[in-house]
Amino acid sequence: MSDQDVDDVAFLTGTHYTTQITHSICQSSSLVYNACDLGGVTGTESPAGPTKKSLYENNGVAACSQKRALCIATVVFAIFFTASVIIAYTGPQSECTCAGNKPPNYVDDEWNETKMLVPRATNGQIFPWNNIRLPTFITPTRYNITMHPNLTTLEVKGQVSIEFQVEKDTNFLVLHSKNLTITDKIVQDKKGHPIRISRLLEYLEGQQIYIEIKEKFRKKHNYTLNIRYTTKLNRDFEGFYISSYINNGERRYLATTHFEPTHARSAFPCFDEPHFKARFKMSIFRDRFHIALFNMPVINTEDVGFYMGTGLLRDDFQESVEMSTYLVAFVICDYVHQNKQTERGISVSVYAPPPYISQASFALETAVNVMDYFEDFFRVAYPLPKQDLIAIPDFVSGAMENWGLITYRETSILYDPNETSTSAHQWVAIVVAHELAHQWFGNLVTMRWWNDLWLNEGFASFLEYVGVDNLKPEWNMMDQFILDKTQPALALDALASSHPISVAIQDPSEIEAIFDTISYSKGAAILHMLAKFLQLDTLQNGLNEYLTTFKYSNADTKDLWNVFSKHTNQSLEVKVIMDTWTNQMGFPLVTLVREEDEILATQDRFLLTTESVNSSVRSMPKSKFDYKWFVPLTYFTSKYPEEVHTVWMNMSDVRIEVDSDVKWIKANINQSGFYRVMYDETMWTNIIADLRSNHTIFNPADRASLIDDAFTLSRAGLLNASIPLDLSLYLIKEKDYVPWATAIKHFQAWSRRLSESLAYKLFLKYMRKLLTPVTKLVGWGSQGSHLERLLRTDVLSTAILCELNETVFQAKSQFEKWMHRNQSIPADLKEVVYSAGVKYGGLGEWQHCWNVYNSTIVPSERKLFLKALGVASDPWLLQRYLLETLHPNRIKPQDVKIVLTVVAANPEGRLLAWRHLKAYWPNMQSLFGNATFMMGSLISAVTAHLSTPYDYYEVSTYFNGMNVGSATRALEQSLETIKLNINWVSQNEEDIYTWLLNYLK
């Protein structure tokens, strides 16, 4: 929409609109007004106190007789008595409870023991419902919503009609509302007769409104609540908000929604908890320049007349199936779309701004194929008539699974085959599959409450890989699964400040904090482990029954486990097994010790800890499982590497019999189990020897798991640093992506922690030695398989950072030709070339990349530049770059984390990033809000590489006593990580230096 288009919409707040929306919603119903209106003030002013002037003379010394004093006292007493009588009989005469008195139906909060204060409504009265959860005796069944956003003034006018049933006799109801100004309200019985509202109260902190009626709602009777309200489109990327994009130099605007977890209440009054499922009907007023989208298709568009020469339309949408409020979505925009149909005739469309629509084809093809696959995999039909996917310019998450209208960040849906890298290509496929998996897991069957968020996100994070693996089997997605899901989850869950997968949520404000690696990636990893020991048929049969039994309803974790147990014929007590993985944090370290012809396998909780084991155990939260697990221990032996064995560790230790000539066993095959393995010294030595002589004895996933375990056990102080270094020597012969990606991740972490130590330069030299053969192998072309192209990008990027001369020379040469002659760069080499140009260049190279970043219309290209601009070697450029994040029109708020992450990972920018976060923390809070997961991710990104006692002092002192909202857990984890970094450097620096010195001689 052009600037002129925006001006043309301004009429929408006019009289004609008001008449239309009033007529369409209220029809002939008369509205009943409250006795105590929302936001009103009760009580009277206290009388002025008596003047003291006449009582004092002679410089303030009291001078009066006893008789006079007695007379004055009598008069004052009489005045106070009279005033108190007047106040008592002339106060508010409504039935509203006066401030300070608990109403007769006051409900105390027994559910939330942490809430100590009595809640106050906006008018000072006690709010009668003292529970952050809504009462369960009101059940909404249908919402009829009419809404008109004005994209110029940002004003929104709306009305909602909520049909509900009551489960017991009551005279009140409570629902959610946030930043809504209620202008009219009426309650009607099923015959349409109005019921008198005696009062309406709003409690801002609880985001609740309380409506009380004169009579009573009768058990099992149906009623309708009509509310008319106004609000504004916000700029906070949640609720109902404004977004924009540039088309031919003009800024175009759109209005879009993001309601998960608790933001539907800021768009319309509702029962905003996942178990309150209902049907939704929607009508949206818009101008002729826009389209409106909703979860369901449009069934009617009505021309509602002209105003100042511009037409106004109303779109009426088909009623939805039963769903939770957080899945409702609507968008008003001027987009175009591409469309295809699934095998069953479901309409699938991808919507994007006109300049970007050519980049939508891959997402459309992926969506159609994955939907067909999931319908077959679950044997449950997708229940809606259409599935829309839409690119949103300003979007904090990767995507949101709104039923039938999935919203995506641009980089998660748009793909240009000539410009987009292989990794970005894969990312689009993964995110599209993730959100489509949610259409069954999360939408059709929804967790009962947010403590089981992992049930939604864990399943979608597992099934995204299953779906893409079916679409692109040559991508080896299940090998990549351990790299992207299992390993990051193991890293976070090894912290003492981790949390169980199924976590108690005592306050909705805490919900955002669990949208983390544990809920997503650990959830996915334990489901991957479950799938391995259940077998595919059992998994599919169980999922089919689960989805069929609980469709359009809610379930919790135990419901899923019980279904799986049934489909194993009770041969496996799935709930008993999996409770040890979901209801306690952490995971086991399985230690293998050879005892003649037996191997003893023991299990203990694995912790990356700076304290002694005993003190750590004392400080751990208690677990009813005593930090023991049911572990499906898989292994093969050096003698029979083709024979796979499984033995169950039932919260206990086990003994494994082996032949005397077995040199080692490799446990946790393909890293498919969520645990780490510690071998005794002899077995480590033998495994490393065989790796170096013939690494293909182990498949790529097993090689990756050996690397990951060795480096992590060293970080925990359980292995001398020489073991992972000895093991890493085999990499000179390694040619596969997953082992190299795992090793590079650990090498980069070591490099950052060692950057101020004596060993740093030697370590870079060692990395160059390992990388030289593989950089020659991958070359500088664009040929090769999907995994070979991923490998090329990873190893060449790492070679640039560790100053491998041949790679740097080649990359700089390509950068110069691109910068001065506009010579194109293969998509998979762009990150390498841009990084080299910026790192080894100066202001001119940096400025050129900044200019191209601001002009390109390819979202994945913009993301590459954001990463490359942060590797500059000049602190002045890095500081300038950080300051650019304060301007939302230059760097989108959703991309601030990318900038801070890459600058913090740069040795030249580490402290600059921390200083920037500290200096502009209030700006970040106002930009994202304390309730969003973004604040925690910013803390984690900036502090991850800090490794000195002074760093710890700086961070802990700055945040001491500060309320960081949902970032609290991320802050705890960051402080723990800094302490771990400090400890690791002090314990390993000398050993690493000695090993490197001896090897590099």
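Attention here is on the structure that accompanies the text.

Parameters and conventions
Residues numbered from 1 in each chain as written. Predicted model: local features only at pLDDT ≥ 70, side-chain atom pairs only at ≥ 80, totals over all residues. Heavy atoms only, no water. Helix = DSSP H or I, 4+ residues; strand = E, 2+ residues; numbered from the N terminus. Expected span 1.5 Å × (residues − 1). Buried < 20%, exposed > 50% of the residue type's maximum accessible area, 1.4 Å probe, protein only. Polar contact = N/O pair within 3.5 Å; in protein donor to acceptor, adjacent residues only side chain to side chain. Contact = heavy atoms within 4.5 Å. Axes fitted to C-alpha atoms, helices over the stretch in contact; angles between N-to-C directions. Parallel < 35°, antiparallel > 145°, perpendicular 65-115°, else oblique. Left-handed = near helix turned anticlockwise from the far one by under 90°. Nonpolar A, V, L, I, M, F, W, Y, C, P; charged D, E, K, R; others polar. Pairing = 2+ DSSP bridges. Salt bridge = Lys/Arg side-chain N within 4 Å of Asp/Glu carboxyl O. Phe/Tyr/Trp six-rings, centres within 6.5 Å; stacked < 30°, edge-to-face > 60°.

### Some points on helix 14 (residues 700–715)
Each α-helix turn comprises 3.6 residues. Residues three or four places apart therefore point the same way.
Phase 1 of the analysis: Given a rise of 1.5 Å per residue, 16 residues ought to cover 22 Å, and the 23 Å separating the end C-alpha atoms of helix 14 matches this to within 8%.
Phase 2 of the analysis: Most of helix 14 is tucked away: 15 of the 16 residues are buried.
Phase 3 of the analysis: Measuring from the side-chain oxygen of the N-cap residue of helix 14 to the backbone nitrogen of Ala701 gives 3.1 Å; that N-cap residue is Asn699.

### Notes on the side chain of Asp388
Phase 1 of the analysis: In this structure, Asp388 sits in strand 20 (residues 386–392).
Phase 2 of the analysis: Side chain to side chain, Asp388 and Lys386 meet in a polar contact 2.7 Å long.
Phase 3 of the analysis: When near neighbours in sequence (up to four residues on either side) are disregarded, Asp388 contacts Leu293, Ser349, Tyr351, Gly404, Leu405 and Ile406.

### Overview of the packing of helix 21 (residues 843–855) against helix 23 (residues 875–884)
Phase 1 of the analysis: Contact geometry of helix 21 with helix 23 gives a least axis separation of 11 Å together with a crossing angle of 20°. The orientation of helix 21 relative to helix 23 falls into the category roughly parallel. In this structure, helix 21 meets helix 23 at a crossing whose hand is right-handed. Only Trp876, Leu877, Arg880, Tyr881 and Glu884 of helix 23 make contact with helix 21, whose side of the interface consists of Leu843, Trp846, Gln847 and Trp850.
Phase 2 of the analysis: Per-class residue counts for the contact of helix 21 with helix 23 are 6 nonpolar, 1 polar and 2 charged.

### A word on helix 16 (residues 737–753)
Phase 1 of the analysis: With 17 residues, helix 16 ought to run about 24 Å at 1.5 Å a step, and its terminal C-alpha atoms sit 24 Å apart, in line with that.
Phase 2 of the analysis: The element helix 16 is largely enclosed, with a buried count of 15 among its 17 residues.

### So, the sheet that holds strand 5 (residues 170–176)
Phase 1 of the analysis: Read across the sheet, 3 strands follow the order 5-9-8 without closing on themselves; strand pairing throughout is antiparallel. Only two strands of the sheet have a single neighbouring strand rather than two, namely strand 5 and strand 8 (197–203). Across the sheet, the mean angle separating the axes of adjacent strands is 20° when strand polarity is ignored.
Phase 2 of the analysis: Pairing between strand 5 and strand 9 (residues 208–217): 6 bridges, direction antiparallel. If you follow Thr170 over to strand 9, its bridge partner there is Phe217.

### What to know about the sheet that holds strand 25 (residues 588–595)
Phase 1 of the analysis: Strand order in the open sheet made by the 4 strands is 29-26-25-31, with mixed pairing throughout. Of all the strands in the sheet, just strand 29 (654–657) and strand 31 (676–679) have a single pairing partner and so form its edges. Averaged over all neighbouring strand pairs, the angle between strand axes comes to 25°, with direction disregarded.
Phase 2 of the analysis: Here strand 25 runs beside strand 26 (residues 598–605); their pairing, made up of 8 bridges, is antiparallel. The residue bridging Glu595 from the neighbouring strand is Glu598, located in strand 26.
Phase 3 of the analysis: Relative to strand 31, helix 13 (residues 681–693) is tilted by about 100°, and along the sheet it contacts strand 25, strand 26 and strand 31.
Phase 4 of the analysis: Against the sheet, helix 14 engages strand 25 and strand 31, with an angle of about 75° to strand 31.

### Quick word on the environment of Trp129
Phase 1 of the analysis: Examined against the element boundaries, Trp129 turns out to sit in the loop between helix 3 (66–90) and strand 3 (138–149).
Phase 2 of the analysis: Assessed through its relative accessible area of 8%, Trp129 is described here as buried.
Phase 3 of the analysis: Reaching out from Trp129, the side chain makes a polar contact with the backbone oxygen of Asn131 at a distance of 3.1 Å.
Phase 4 of the analysis: Side-chain polar atoms of Trp129 contact the backbone oxygen of Arg133, separated by 2.8 Å.

### Here's the deal with the pattern of salt bridges
Phase 1 of the analysis: According to the stated counting rule, one finds 47 salt bridges in the structure shown.
Phase 2 of the analysis: Here Asp736 makes a salt bridge to Arg703, at a shortest N to O gap of 2.8 Å. With Asp736 in the loop between helix 15 (722–728) and helix 16 and Arg703 in helix 14, this pair connects stretches of sequence that are 33 residues apart.
Phase 3 of the analysis: Residue class for Asp736 comes out partly exposed when judged on its relative accessible area of 33%.
Phase 4 of the analysis: By relative accessible area, which is 3% here, Arg703 ends up buried.
Phase 5 of the analysis: For the salt bridge of Lys745 with Asp708, the shortest nitrogen-to-oxygen distance reads 3.7 Å. Linking Lys745 in helix 16 with Asp708 in helix 14, this pair joins segments that are 37 residues apart in sequence.
Phase 6 of the analysis: Through salt bridges with shared partners, a single network forms among Arg142, Glu163, Arg279, Glu319 and Glu322.

### Considering the packing of aromatic side chains
Phase 1 of the analysis: Following the criterion strictly, the structure yields 65 aromatic pairs and no others.
Phase 2 of the analysis: Consider the rings of Phe137 and Phe172, whose centres lie 5.7 Å apart with planes at 90°: the pair is edge-to-face. Here Phe172 lies in strand 5 and Phe137 lies in the loop between helix 3 and strand 3, a separation of 35 residues in the sequence. As far as the burial class goes, Phe137 and Phe172 line up, both buried.
Phase 3 of the analysis: Pairwise contacts between aromatic rings join Tyr373, Phe374, Phe377, Phe378, Tyr382, Trp440, Phe441, Phe459, Tyr546 and Phe550 into one cluster.

### Topic: the environment of Asn805
Phase 1 of the analysis: Along the chain, Asn805 falls in helix 19 (residues 805–821).
Phase 2 of the analysis: When its relative accessible area of 63% is taken as the criterion, Asn805 is described as exposed.

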